[in-house]
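# Inside the fold
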Amino acid sequence: AETIDPGTPETSPTADSPASSSSEIGATPPQQPSKVEPGGLLAQSPLTEGGVGPAAAGEEAAIGLGIVLDGMVRLAPKAAARTVFHGIRACPVPIKDYVARLRTYFACSIECYVMALLYIDRAIKRHPRLVTDSQSVHRLALCGLMLAAKFQDDIFYANAFYAKVGGLTVKELNSLEVTMLRMLDYRLMVDPEEFKLYHTMISQAMGPRMAL
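Model, not experiment: these values are computed from the prediction. (Residues numbered from 1 in each chain as written. Predicted model: local features only at pLDDT ≥ 70, side-chain atom pairs only at ≥ 80, totals over all residues. Heavy atoms only, no water.)

### Focus on the nonpolar core
Put simply, the rule is: Only buried residues count toward a nonpolar core, which is a set of Ala, Val, Leu, Ile, Met, Phe, Trp, Tyr and Cys residues joined through side-chain atoms within 4.5 Å. Per-residue accessibility, obtained with a 1.4 Å probe over protein chains only, is compared with the maximum for each type, and a residue is labelled buried under 20%, exposed over 50%, and partly exposed between these values. Strands here mean DSSP runs of E at least two residues long; helices mean DSSP runs of H or I at least four residues long; both are numbered from the N terminus. By definition in these notes, contact holds between two residues if any of their heavy atoms fall within 4.5 Å.
With 53 residues, the main nonpolar core has Leu 65, Leu 69, Phe 85, Phe 106, Tyr 119 and Leu 145 as its most contacted residues. Counting residues per element, the ones that place at least two in this core are α1 (54-75), α2 (95-106), α3 (111-126), α4 (137-152), α5 (159-166), α6 (170-183) and α7 (192-206). When residues in this core are grouped by element, the largest group, 11 residues, is from α3. Dropping the residues within four chain positions of it, Leu 69 is found in contact with Ile 95, Val 99, Leu 117, Ile 120, Val 137 and Ala 141.

Here it is, written out as structure tokens:
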């Protein structure tokens, strides 16, 4: 696996580009899907209560995810087995900054940050050799958030765009996507109780800044 090298995407596909498309990145700037009202799983556990608007709540959720993943890296064993999610060396971008970058370009719904954490943890539970350390956490975050956006949101981008944002080649991201889906046994559904549990993890990581 190559080293992650995130650069600024020069262009992006239109908002309705299919995720399975192999088309080149288009000539228009990233379109930000309109997400005025939280829906789906947030009806069970809203991140937007207490006067927190959707945009601010999305930023809080991204920060919370970054904090949780950073904590997982700090607790990871030093001599962990290498997997396909491990790069040659650790990405120089701190995971909290990397997740913030993904939020900037993904424009995904608030639920996706919670679901990304759930997918990562679900994969680890099914495959204990998979460890979230400094060499794997960025690929896991990218792949988990991409799967969540594809499953949860009505509007998402092509893999070519996600790869550019994340600093990987399309070929590697496609391979990682298939690997994570297999690790999850293609189970992307999330029940309300599961969502509430992982939402709580992110909320607690944020402390009093995020409303429950």
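From this point, things continue past the structure.
### What to know about the packing of α5 against α6
A pair of packed helices is characterised by two quantities: the angle between their axes and the separation of those axes. The test is simple: Lines fitted to C-alpha atoms define the axes, with helix axes restricted to the stretch in contact, and inter-axis angles between N-to-C directions lie between 0 and 180 degrees. Each angle receives one of four descriptions, namely roughly parallel if under 35 degrees, roughly antiparallel if over 145, roughly perpendicular if within 65 to 115, and oblique otherwise. Charged means Asp, Glu, Lys or Arg here, nonpolar means Ala, Val, Leu, Ile, Met, Phe, Trp, Tyr, Cys or Pro, and polar covers whatever is left, Gly included.
One can describe the packing of α5 onto α6 by two numbers: an axis separation of 9 Å at closest approach and a directional angle of 105°. Taken together, the axis directions place α5 and α6 in an arrangement best described as roughly perpendicular. Note on element contacts: α6 touches α5 through Val 170, Leu 173, Asn 174 and Glu 177, opposite Asn 159, Ala 160, Tyr 162 and Ala 163. For the contact of α5 with α6, a count of residues per class yields 5 nonpolar, 2 polar and 1 charged.

### Some words on the pattern of salt bridges
Condition: A pairing counts as a salt bridge when a side-chain nitrogen of Lys or Arg comes within 4 Å of a carboxyl oxygen of Asp or Glu.
On inspection of all chains with the given rule, the structure shows 5 salt bridges. Here Lys 125 and Asp 121 are joined by a salt bridge, their closest N and O atoms 3.4 Å apart. Of the two residues, Lys 125 and Asp 121 are both situated in helix α3; the distance of 4 residues between them amounts to about one turn of the helix. Overall, Asp 121 belongs to the buried group, its relative accessible area being 17%.

### Considerations on the side chain of His 86
Rules: In protein, a polar contact requires one atom able to donate a hydrogen and another able to accept it; more generally it is a pair of N or O atoms within 3.5 Å, and residues adjacent in sequence count only if both atoms are side-chain atoms.
Secondary-structure assignment places His 86 in the loop between α1 and α2. The class of His 86 is buried, set by a relative accessible area of 3%. Within the local environment of His 86, its side chain forms a polar contact with the side chain of Asp 133, the two groups lying 3.0 Å apart.

### Observations concerning the environment of Leu 188
Mapped onto the elements of the fold, Leu 188 is located in the loop between α6 and α7. Distance in space between the C-alpha atoms of Leu 188 and Tyr 119 is 7.5 Å, their sequence separation being 69 residues. Leave out the neighbours within four places in its chain, and Leu 188 touches Met 115, Tyr 119, Arg 122, Phe 151 and Leu 181.

### Section: α5
The periodicity of an α-helix, 3.6 residues per turn, causes residues three or four places apart in sequence to face the same way. Burial within α5 is extensive, with 7 of its 8 residues counted as buried. Among the residues making up α5, those that are buried are Asn 159, Ala 160, Phe 161, Tyr 162, Ala 163, Val 165 and Gly 166. Where the residues of α5 are buried, they touch α2, α4 and α6. Of the residues trailing α5, Gly 167 is marked for its positive phi of about 85°.

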